[in-house]
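Descriptive structure summary
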Amino acid sequence: MNSLHQKVAIITGAGSGLGKETAIAFAREGANVVICDRSYEILQPVEALIHEQFEVEVLSVQADVSTESDVNRLIRKVIAKFQRIDILINNAAIFQQYHVIDSPLDSWEYQINNNATSVFLMMREALPYMRSEKSGHIINITSGIVKEGAAGFGAYAASKAAIEALTYSVQDEEHRKGIKIHVFNPGVMKTNLARVGEHPANIAPYLVHLVQSSPLCESRVITPEDFQLLSS
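So, a few notes on the structure that sits alongside this text. (Residues numbered from 1 in each chain as written. Predicted model: local features only at pLDDT ≥ 70, side-chain atom pairs only at ≥ 80, totals over all residues. Heavy atoms only, no water.)

For the coordinates displayed, the defined rule picks out four aromatic pairs. On the basis of an interplanar angle of 80° and a centroid distance of 5.7 Å, the ring pair of Phe 95 and Tyr 156 is categorised as edge-to-face. Here the residue Phe 95 occupies a position in the loop between β4 (87-90) and α4 (105-133), and Tyr 156 occupies one in helix α6 (residues 154-174), the gap between them amounting to 61 residues. Members of the aromatic cluster, joined through ring pairs, are Phe 95, Phe 153 and Tyr 156. Lying across the ring of Phe 82, Lys 81 places its NZ or CZ 5.6 Å from the centre. (Phe/Tyr/Trp six-rings, centres within 6.5 Å; stacked < 30°, edge-to-face > 60°. Helix = DSSP H or I, 4+ residues; strand = E, 2+ residues; numbered from the N terminus. Lys NZ or Arg CZ within 6 Å of the ring centre and 35° of its normal.)

Structure follows, in structure tokens:
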């Protein structure tokens, strides 16, 4: 497996849930981590925990990654501190539940911007630095709801479908430049929105494994089951 020692990993939505656990998982493997969220206060306990447990560097940045100016500022801070970007985990997402017939336009736009436009902005700004190193790995987080659909999840499902399509297009653009790009469905997890499912701490190691071991970009959704089959 590829060593993550001293690699620089950006994780969006890192203040809680899968983002927090992913930051911890990468730090455990020796990566320097950049954690960002809308609120700096929610990042402080994560930063303190990583500093306490692991001998890596942590950069915490308050940023709304659906906003171009915030993304530009985030990337400038990363480059100023580390001079490189090796890994990008586009995890940040929001959800508002409306049946389409009842949904205001601003809710649709809010979910599309936060879930899909944020991924576009983060990839667009990180890719030049990965190209300069002729290496890098991007993982974009999707949901099984893209295929299944669910009442009240129209905008959320559409935003995740957009992420999948965008991922495959960027794979085709960048794989000859040494950059790997995957889309990952973590499955149902226990979060602020769901009381059932896997704990995010059990899912985050699969993201580490994907970065360490994946040889190719694949135009399909990667799931935890892919790794469980390999280890069985």
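Let us look at the sheet that holds strand β2 (residues 32-37). Spatial strand order, β3-β2-β1-β4-β5-β6-β7: seven strands in an open sheet with parallel pairing. Strand pairing shows two members of the sheet lacking a second neighbour, β3 (58-62) and β7 (221-222), which therefore form its edges. Taken together, the five bridges between strand β1 (residues 8-12) and β2 define a ladder with parallel strand orientation. What sits directly across from Thr 12, in β2, is Cys 36. In this fold helix α1 (residues 17-28) packs onto β1, β2, β4 and β5 (136-141), with an angle of close to 170° to the strand it touches most, β1. Along the sheet, helix α2 (residues 40-53) contacts β2 and β3; its crossing angle with β3, the most-contacted strand, is approximately 175°. (Pairing = 2+ DSSP bridges. Contact = heavy atoms within 4.5 Å. Axes fitted to C-alpha atoms, helices over the stretch in contact; angles between N-to-C directions.)

Before going further, it helps to examine the nonpolar core. What tends to happen in soluble globular proteins is that the nonpolar side chains get buried as a cluster. Within the largest apolar cluster, 34 residues are counted, with the highest numbers of intra-cluster contacts made by Phe 26, Val 33, Ile 35, Ile 50, Ile 139, Phe 184 and Leu 207. Among the elements of the structure, β1, α1, β2, α2, β4, β5 and α7 (200-213) are those that each provide at least two residues to this core. It is α7 that contributes the most residues to this core, seven residues altogether. Ranked by size, the runner-up nonpolar core spans 30 residues in total, among them Ile 10, Val 65, Leu 88 and Ala 126. (Core = buried A, V, L, I, M, F, W, Y, C linked by side-chain atoms within 4.5 Å. Buried < 20%, exposed > 50% of the residue type's maximum accessible area, 1.4 Å probe, protein only.)

Structurally, Thr 142 is set in the loop between β5 and α5 (145-148). In this structure Thr 142 comes out as buried when scored by relative accessible area, which is 3%. A polar atom in the side chain of Thr 142 sits 2.6 Å from the side chain of Glu 164. (Polar contact = N/O pair within 3.5 Å; in protein donor to acceptor, adjacent residues only side chain to side chain.)

Compared with the 42 Å implied by 1.5 Å per residue over 29 residues, the 41 Å span of α4 between its first and last C-alpha is a close match. By the largest-angle criterion, Asn 113 marks the main kink of α4, which is about 40°. The first or second residue beyond α4 is Lys 134, which carries a positive phi of 55°. (Expected span 1.5 Å × (residues − 1). Bend = angle between axes of the 7 residues up to and from the residue.)

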